[in-house]
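# Chain and residue survey
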Amino acid sequence: MEEIGQFQMISSSQRVDYDRIAHLYDEPGRDFDADTNLVEFLNEKARDKPSLCRILDMGCGTGKQLAANHDKFPDRQAVGLDLFHGMLLQARKRCMEVHWLQADSANPPLAGNTFDYISNQFSYHHVQDKKRMIESTFRILRPGGRFVITNLDPWSMSGWIVYTYFPASRGRDLADFLPVDQLMALMQRLGFWNIDAKYKHSRNEENLGDFLKYASERHRTSQLMVIPDADYQKGLSTLREDVKRLGKASRMPSEICLVCVTGDKPG
Ligand SMILES: C[S@@+](CC[C@H](N)C(=O)[O-])C[C@H]1O[C@@H](n2cnc3c(N)ncnc32)[C@H](O)[C@@H]1O
């Protein structure tokens, strides 16, 4: 298996160049626990030698999830795959025991029937060819293996404060994500079964001063990086005016909806 390669050219259709922001990506306070879906999968498989279980995280970023998984399950073989070399360099600093691989999730250079558990967290919307990505995931999963894809569901969170101030970002998300029913149908067409979706919807009151600080750091979320500069500046100046008018401590309603879609490869 070839590990981290040289920097490669990113096509203009790529949503975000993560090499530019890899050194800024890890925010303090974003600590990860071991993946609860992995824990559940291993419990289900407890009778079939779970120590042989091979894990892959696609679009692993700076490797926080796999590092946390490794702390809990040090004897499982784990591979983190990401398109961006800069993200993988951060990942390798975090955990030497995981294999870090630079590749496209739509075209992973990995043998068929290799992994028991594949996760994809907050990444598939960056991949242009989603059908190929799911086909490839199915190919490299072992029979009886599980795929878990976790992401936002932009259709269920029109009141997210990021979309309120930067409406172009919702338009872009609706183009880059798949509606959950379409994602599930695609997985079924490509061979998965036991397909299920679990939603976690939360509403809150966002502190406007804190949100201004967050939004002023454009690297904080791809929704801010992906919109045209003019749309970003327009949203930021409306936000600054609101903070001036209403005060830093004022609160604005917001919401977020995470969806976790799972599917198994028939065993
Ligand atoms: C928002 S980050 C999520 C990273 C990590 N999973 C997490 O939850 O912190 C999206 C990740 O997807 C990666 N990515 C983008 N396009 C990709 C592709 N075609 N194949 C693999 N990874 C990709 C980016 O480099 C980035 O690390």
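Nothing here was measured: the structure is a model prediction, and the numbers come from that model.

### Structural notes on the packing of helix H8 (residues 208-216) against helix H10 (residues 229-246)
Axis separation between H8 and H10 bottoms out at 10 Å; the angle between their running directions is 155°. Comparing the axis directions of H8 and H10 gives the class roughly antiparallel. Seen along the crossing, H8 lies across H10 with a hand that is left-handed. The residues of H10 that touch H8, namely those facing Leu-208, Gly-209, Leu-212, Ala-215 and Ser-216, are Leu-236, Leu-239, Arg-240, Asp-242, Val-243 and Leu-246.

### A look at the site of the ligand
For the ligand, the set of nearby residues contains 18 residues, the closest of which are Gly-59, Gly-61, Ser-105, Ser-123 and His-126. Residue composition of the shell around the ligand, grouped by class: 8 nonpolar, 7 polar and 3 charged.

### Quick word on the pairing of strand S1 (residues 54-58)
Where a strand is regular, its side chains alternate between the two sheet faces. Burial within S1 is extensive, with 4 of its 5 residues counted as buried. Note that S1 and strand S2 (residues 77-82) share 5 bridges and pair parallel. The partner of Asp-57 across the bridge, within S2, is Gly-80. Handedness of the crossover joining S1 and S2 through helix H2 (residues 64-72): right-handed. Sheet topology note: the S1/strand S4 (residues 115-121) ladder contains 4 bridges and is parallel. Counterpart to Asp-57 in the pairing with S4 is Ser-119.

### Examining the sheet that holds strand S6 (residues 193-207)
Taken together, the 7 strands give an open sheet; going across it, the order is S3-S2-S1-S4-S5-S7-S6, and neighbouring strands pair in mixed fashion. In this open sheet, the two strands that pair with only one neighbour each are strand S3 (99-102) and S6. Across the sheet, the mean angle separating the axes of adjacent strands is 15° when strand polarity is ignored. Helix-sheet contacts for H2 involve S1, S2 and S4, and the interaxial angle to S2 is about 175°. Sheet contacts for H8: S6 and strand S7 (251-264); angle to S6, the most-contacted strand, approximately 120°.

### Considering the domain arrangement of the protein chain
According to the domain assignment, the protein chain contains domain 1 (1-151) and domain 2 (153-177 + 200-258). Placing the centre of domain 1 and that of domain 2 at their C-alpha centroids yields a distance of 27 Å. Listed by partner, the interface residues are 7 residues for domain 1 and 8 residues for domain 2. Across the side of domain 1 that touches domain 2, the residue classes break down as 3 nonpolar, 3 polar and 1 charged.

### Regarding the environment of Gly-263
Mapped onto the secondary structure, Gly-263 falls in strand S7. Considered as a pair, Gly-263 and Ser-158 are 105 residues apart in the sequence and their alpha carbons are 27 Å apart. In contact with Gly-263, other than residues within four places in its own chain, are Phe-147, Met-187, Phe-192, Trp-193, Asn-194 and Ile-195.

### Some thoughts on the environment of Gln-223
Counting through the fold element by element, Gln-223 comes out in helix H9 (residues 222-225). In the structure, Gln-223 is positioned 106 residues away from Tyr-117 in sequence and 28 Å away in space, judged by C-alpha atoms.

### Comments concerning the nonpolar core
In this structure, Ile-55, Leu-56, Phe-115, Tyr-117, Ile-118 and Phe-166 are the most contacted members of the largest nonpolar core, which totals 56 residues. Counting the residues that make up this core, at least three belong to each of domain 1 (1-151) and domain 2 (153-177 + 200-258). With residues near it in sequence (within four places) discarded, Phe-166 still touches Gln-223, Leu-224, Ile-227, Asp-231, Tyr-232 and Gly-235.

What counts as what
Residues numbered from 1 in each chain as written. Predicted model: local features only at pLDDT ≥ 70, side-chain atom pairs only at ≥ 80, totals over all residues. Axes fitted to C-alpha atoms, helices over the stretch in contact; angles between N-to-C directions. Helix = DSSP H or I, 4+ residues; strand = E, 2+ residues; numbered from the N terminus. Parallel < 35°, antiparallel > 145°, perpendicular 65-115°, else oblique. Left-handed = near helix turned anticlockwise from the far one by under 90°. Contact = placed C-beta atoms within 7 Å. Near = placed C-beta within 6 Å. Nonpolar A, V, L, I, M, F, W, Y, C, P; charged D, E, K, R; others polar. Buried ≥ 20, exposed ≤ 12 C-beta atoms within 10 Å, placed from the backbone. Pairing = 2+ DSSP bridges. Right-handed = clockwise from strand over helix to strand, strands pointing away. Domains from an automatic or database assignment. Core = buried A, V, L, I, M, F, W, Y, C linked by C-beta atoms within 7 Å.

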